[in-house]
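Observations on the model geometry
Spelled out, the chains give:
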Amino acid sequence: MIREEGERLVVEGPITMETAAGLLEVGRTLCGGGKEMSGREIDLSGVTAVDSAALALVLAWMRATQRCGRPLRLAGAPEQLRSLADLYGLGEILPLGEVRA
């Protein structure tokens, strides 16, 4: 599930092959929407599980915000997502923010 709270998007539940497609379209719309804003933050602290589809999803959201000239920030990224990003050599380019406690 993904919901909008001001300029923040809050993602809850798993981001896996089964859920990524639905999150992709909603996220693209919200991240690249017509609102004037300096950037977008996506709160991942409610994410319960990830697989490689989560990396593809984050990259797609980054492309959507970059096309509009807006930065993307991720907050509360789960350690599992960080591990996958490092495994695939993406840890340096993804805006994963601070480690979730």
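It should be noted that the structure appears before, not after, this text.
So, here's what we can say about the structure. (Residues numbered from 1 in each chain as written. Predicted model: local features only at pLDDT ≥ 70, side-chain atom pairs only at ≥ 80, totals over all residues. Heavy atoms only, no water.)

1. Quick look at the sheet that holds strand E4 (residues 72-75)
- Pairing within the open sheet is mixed, and its four strands lie in the order E1-E2-E3-E4. Among the strands making up the open sheet, the edge pair consists of strand E1 (2-5) and E4. Within this sheet the neighbouring strands show an average axis-to-axis angle of 25 degrees, counted without direction.
- Here four bridges tie E1 to strand E2 (residues 8-15), and the two strands are oriented antiparallel to one another. Residue Glu5 lies in a different strand from E2, and its bridge partner there is Arg8.
- Most of the contacts of helix H2 (residues 52-67) go to E4, to which it runs at about 145 degrees, and overall it touches E1, E2, strand E3 (40-50) and E4. (Pairing = 2+ DSSP bridges. Helix = DSSP H or I, 4+ residues; strand = E, 2+ residues; numbered from the N terminus. Axes fitted to C-alpha atoms, helices over the stretch in contact; angles between N-to-C directions. Contact = heavy atoms within 4.5 Å.)

2. Some thoughts on the nonpolar core
- Ranked by internal contacts, the top residues of the largest apolar core, which has 26 residues, are Val11, Ile15, Ile42, Leu44, Trp61, Leu81 and Leu94.
- Elements with a minimum of two residues in this core: E2, helix H1 (20-31), E3, H2, E4 and helix H3 (79-87).
- No other element matches the seven residues that H2 contributes to this core. (Core = buried A, V, L, I, M, F, W, Y, C linked by side-chain atoms within 4.5 Å. Buried < 20%, exposed > 50% of the residue type's maximum accessible area, 1.4 Å probe, protein only.)

3. What to know about H3
- Those residues of H3 lying buried are Leu81, Arg82, Leu84 and Ala85. Along the axis of H3, the buried positions cluster into a sector of 165 degrees, meaning they face one direction only. Turned more than 90 degrees away from the buried face of H3, the exposed residues are Asp86 and Leu87.
- In this structure, the buried residues of H3 make contact with E3 and H2.
- Taken from the residues just after H3, Gly89 is the one with a positive phi, measuring 75 degrees. (Arc of directions from axis to C-beta.)

4. Regarding the pairing of E3
- Note: E2 against E3, six bridges, orientation parallel. Its bridge partner being in E3, Val10 is matched across the sheet by Asp43.
- By the bridge criterion, four bridges tie E3 to E4 in an arrangement that is parallel. From the neighbouring strand, Glu41 faces E4, where its bridge partner is Arg73.
- For the crossover that starts at E3, traverses H2 and ends in the parallel E4, the hand is right-handed. (Right-handed = clockwise from strand over helix to strand, strands pointing away.)

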